[in-house]
Amino acid sequence: MGYLRSVTRHHEQISPQLNDYMAAHSSPPDAVLLELADETAQRFPDRVGLQIGPEQGTFMTLLARIMGARSAVEVGTFTGYSSICIARGLGERGRLLCCDVSEEWTSVAQRYWQKAGLADRVELRLGPALDTLRALAADPAFDLAFIDADKPGYIGYWEEIVPRTRPGGAILVDNTLSHGRVIDESSHDLNVEQSASLTTTPSPMSASTWCCCR
């Protein structure tokens, strides 16, 4: 506790204007990602919030490259933006396993994997992700994992992915702060309760997307 009291408790507040500035000065999405984002917004306007932001995609590509990741798994693929970003960061002969339940959403993803020249790196398995994960070998195989699906399922996905992640691997978990609702003790929303449970796990980074090291 003495250490916690001695470190700074002041953090940079990210305003919408500052976020726009940072995004404007980051590596921009290429034509494939821009086209995918536009099509997603047109076809699924009420679901566009399921897609990650471009700055997050850039970070995920960079993280995969820095790690030298060759094997990755994604739970919750939607129309494929995040999977393209992860697959682009994988090393030579890298493979990404994508888990999703929607044939409609992932049919878009499959077209854009082709456009991005990544179709040979990505394997899609349709069906409940928990079943897909449990059917995998129990040995550690993944260097990088990304969980961005139904919040009530987060703990189950976490428990299946952790033992299948190699030592030194990273697990990214999206929307863990539930837009700030995790600090609302009066909330009985299952989505929030699952996020709050997950953020008590060891070695997270303090952000909406938590990065945990195996």
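We now turn to the structure provided with this report. Just so we're clear, the structure is a prediction, and the values are computed from it rather than from any experiment.

Focus on the overall build of the protein
Then, in step 1: Scanning the protein for helices and strands turns up nine helices and six strands.
Then, in step 2: Burial statistics for the protein: of 214 residues in total, 43% are counted as buried.
Then, in step 3: Within the protein, contacts between residues at least 6 apart in sequence are counted, and of these 72% link residues at least 24 apart.
Then, in step 4: Accessible surface, the protein as shown: approximately 11900 Å² in total, 54% of it carbon and sulfur.

As for the packing of helix 3 (residues 31-43) against helix 6 (residues 103-115)
Then, in step 1: Between helix 3 and helix 6, the least distance of the axes is 11 Å, while the angle of their chain directions is 160°. Between helix 3 and helix 6, the crossing angle belongs to the class labelled roughly antiparallel. Where helix 3 crosses over helix 6, the two elements pack in a sense that is right-handed. Mapping the contact onto sequence places Val-32, Glu-35, Leu-36, Glu-39 and Arg-43 in helix 3 and Glu-104, Val-108, Arg-111, Tyr-112 and Lys-115 in helix 6.

Re the side chain of Thr-61
Then, in step 1: Along the polypeptide, Thr-61 turns up in helix 4 (residues 54-67).
Then, in step 2: Not counting the four nearest positions on each side in its chain, Thr-61 is found in contact with Cys-85, Arg-88 and Gly-89.

Digging into the environment of Ala-145
Then, in step 1: Among the structural elements, Ala-145 can be located in strand 4 (residues 142-147).
Then, in step 2: Sequence-wise, Ala-145 and Glu-74 are 71 residues apart; in three dimensions their C-alpha atoms are separated by 5.8 Å.
Then, in step 3: With sequence-adjacent residues up to four places away left out, Ala-145 is seen in contact with Val-73, Ile-161, Ala-170, Ile-171 and Leu-172.

Observations regarding the nonpolar core
Then, in step 1: Counting 32 residues, the largest nonpolar core has Ile-84, Ile-86, Leu-96, Leu-144 and Leu-172 as its most contacted members.
Then, in step 2: Put simply, the parts of the chain that give this core at least two residues each are helix 3, helix 4, helix 5 (81-89), strand 2 (95-100), helix 6, strand 4 and strand 5 (165-173).
Then, in step 3: Those residues in contact with Leu-96 that sit more than four places away from it in its chain are Ala-72, Val-73, Glu-74, Ser-83, Ile-86, Ala-87, Leu-90, Arg-121, Val-122 and Glu-123.
Then, in step 4: Counting residues in each nonpolar core, the second largest holds 17 residues, with Val-75, Ala-129, Leu-136 and Tyr-157 among its members.

Focus on the packing of helix 3 against helix 5
Then, in step 1: Running from N to C, helix 3 and helix 5 point in directions that differ by 165°, and their axes come no closer than 10 Å. Regarding the angle of helix 3 to helix 5, the classification is roughly antiparallel. At the point where helix 3 passes helix 5, the crossing takes the right-handed sense. From helix 3, Val-32, Leu-33, Leu-36 and Ala-37 reach across to helix 5, where they touch Tyr-81, Ile-84, Cys-85 and Arg-88.
Then, in step 2: The residue makeup of the contact of helix 3 with helix 5, split by class, is seven nonpolar, no polar and one charged.

Describing unusual backbone geometry
Then, in step 1: Located in the positive-phi region is Phe-78, a residue other than glycine, with phi close to 55°.
Then, in step 2: Residue placement: Phe-78 occurs in the loop between strand 1 (71-75) and helix 5.
Then, in step 3: Although it is not a glycine, Arg-93 sits at a positive phi angle of roughly 65°.
Then, in step 4: Within the element layout of this structure, Arg-93 appears in the loop between helix 5 and strand 2.
Then, in step 5: On the accessibility criterion, Arg-93 (75% relative accessible area) is exposed.

Quick look at the pattern of salt bridges
Then, in step 1: Under the counting rule described, the total for this entry stands at eight salt bridges.
Then, in step 2: Across the pair Glu-160 and Arg-164 runs a salt bridge whose closest N-O atoms are separated by 2.9 Å.
Then, in step 3: Connected through salt bridges with shared partners, the residues Glu-39, Arg-43 and Arg-111 form a single ionic network.

A few points about the state of the cysteines
Then, in step 1: Within this structure, the stated rule accounts for zero disulfides.
Then, in step 2: Not part of a disulfide, Cys-98 finds its nearest cysteine sulfur in Cys-99, a span of 7.4 Å.

Some thoughts on the pairing of strand 2
Then, in step 1: Most of strand 2 is tucked away, with five of its six residues classed as buried.
Then, in step 2: Here strand 1 pairs with strand 2 via five bridges, running parallel. Bridged to Glu-74 within strand 2 is Cys-98.
Then, in step 3: In the classification by handedness, the crossover that spans strand 1, the intervening helix 5 and the parallel strand 2 is right-handed.
Then, in step 4: Bridging between strand 2 and strand 3 (residues 122-126) involves five bridges; their strand directions are parallel. By the bridge assignment for strand 3, Asp-100 is matched with Leu-126.
Then, in step 5: This β-α-β element, strand 2 to helix 6 to strand 3, shows right-handed connectivity.

About the thresholds
- Residues numbered from 1 in each chain as written.
- Predicted model: local features only at pLDDT ≥ 70, side-chain atom pairs only at ≥ 80, totals over all residues.
- Heavy atoms only, no water.
- Helix = DSSP H or I, 4+ residues; strand = E, 2+ residues; numbered from the N terminus.
- Buried < 20%, exposed > 50% of the residue type's maximum accessible area, 1.4 Å probe, protein only.
- Contact = heavy atoms within 4.5 Å.
- Areas by Shrake-Rupley, 256 points an atom, 1.4 Å probe, with all protein chains shown as cover.
- Axes fitted to C-alpha atoms, helices over the stretch in contact; angles between N-to-C directions.
- Parallel < 35°, antiparallel > 145°, perpendicular 65-115°, else oblique.
- Left-handed = near helix turned anticlockwise from the far one by under 90°.
- Core = buried A, V, L, I, M, F, W, Y, C linked by side-chain atoms within 4.5 Å.
- Nonpolar A, V, L, I, M, F, W, Y, C, P; charged D, E, K, R; others polar.
- Salt bridge = Lys/Arg side-chain N within 4 Å of Asp/Glu carboxyl O.
- Disulfide = S-S within 2.5 Å.
- Pairing = 2+ DSSP bridges.
- Right-handed = clockwise from strand over helix to strand, strands pointing away.

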